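Take a look at the letters that make up each chain.
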Amino acid sequence: MDTPPRAVPNTHEGLDFSISATVLESRDANALADFYESLLGWVRIHDEPGWAMLRPPQGGTGLSFSSDPLYEPPVWPADAGHQQMQLHLDVLVSDLPRGVEHALARGARLAEHQPQEHVRVLLDPAGHPFCFFDENG
């Protein structure tokens, strides 16, 4: 497999730091990577059972996926007694309605709660919330 592109490091106290990827857990990492690969048009640079890595074609920070048989999807919005969201992805799209249609056609679900006019909260197939927003959001 290809080596991930090296991000430009941030030097702090004599050490170089750069975030390579955000890792999303699910019961099936490879299926979730399939979803995001189709959604974003990113390149899969590593794929093995239970682990996959995607990067934008132009380089930069990517997404990685790890299988966890005990993964429980978060509830959006948060609800006491249920797994709460610990992070979400914000994705700028040039055309919000078309972006939402694109995501839905690939297996995303529109969240019931929509907090803002120019933001759409969606759920990936593993239940992770992610937001699409346009220039106005």
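Cut-offs and rules
Just so you know, the residues in each chain are numbered from 1, in the order the chain's sequence is written. Totals for whole chains, interfaces and linings use all residues, but because this is a predicted model, local features are given only for residues with pLDDT of at least 70 and pairs of side-chain atoms are given and counted only at 80 or more. Hydrogens are left out, water is left out, and the side-chain values use all remaining heavy atoms of the structure. Helix and strand definitions here come from DSSP, where helices need a minimum of 4 consecutive H or I residues and strands a minimum of 2 consecutive E residues; each element is numbered from the N-terminal end. Burial here depends on accessible area, computed with a 1.4 Å probe over protein chains only, as a share of the maximum for the residue type. Under 20% is buried, over 50% is exposed, and the range in between is partly exposed. The term polar contact refers here to a pair of N or O atoms within 3.5 Å; inside protein, the definition further demands a hydrogen-donor-capable atom paired with an acceptor-capable atom, and it admits residues adjacent in sequence only when both atoms are side-chain atoms. Two residues qualify as a contact provided that any one of their heavy atoms is within 4.5 Å of a heavy atom in the partner residue. The criterion for strand pairing is that DSSP finds at least two bridges linking the strands in question. With axes taken as lines fitted to C-alpha atoms, and helix axes fitted only over the stretch in contact, angles between N-to-C directions fall between 0 and 180 degrees.

(A) View of the side chain of His-128. Position of His-128 relative to the elements: it lies in the loop between strand E9 (119-123) and strand E10 (129-133). The exposure class assigned to His-128 is buried, which follows from its relative accessible area of 11%. Of note is the side chain of His-128, whose polar atom sits 2.8 Å from the backbone oxygen of Glu-25. Within polar-contact distance, the side chain of His-128 engages the side chain of Asp-124 at 2.9 Å. Those residues in contact with His-128, other than ones at most four positions away along the chain, are Leu-24, Glu-25, Ser-26, Leu-32, Tyr-71, Pro-74, Leu-122 and Leu-123.

(B) Just the sheet that holds strand E5 (residues 51-55), in detail. Pairing is mixed across the open sheet formed by four strands, whose spatial order is E3-E6-E5-E4. The open sheet terminates on both sides in strands that have one partner only, identified here as strand E3 (21-26) and strand E4 (43-48). Mean inter-strand twist for the sheet, computed between neighbouring axes without regard to direction, equals 15 degrees. The pairing of E3 with strand E6 (residues 62-67) spans six bridges and is classified as parallel. Pairing of Thr-22 across the sheet is with Leu-63, part of E6. Of the strands in this sheet, E3, E4, E5 and E6 are in contact with helix H1 (residues 29-40), which crosses E6 at around 155 degrees.

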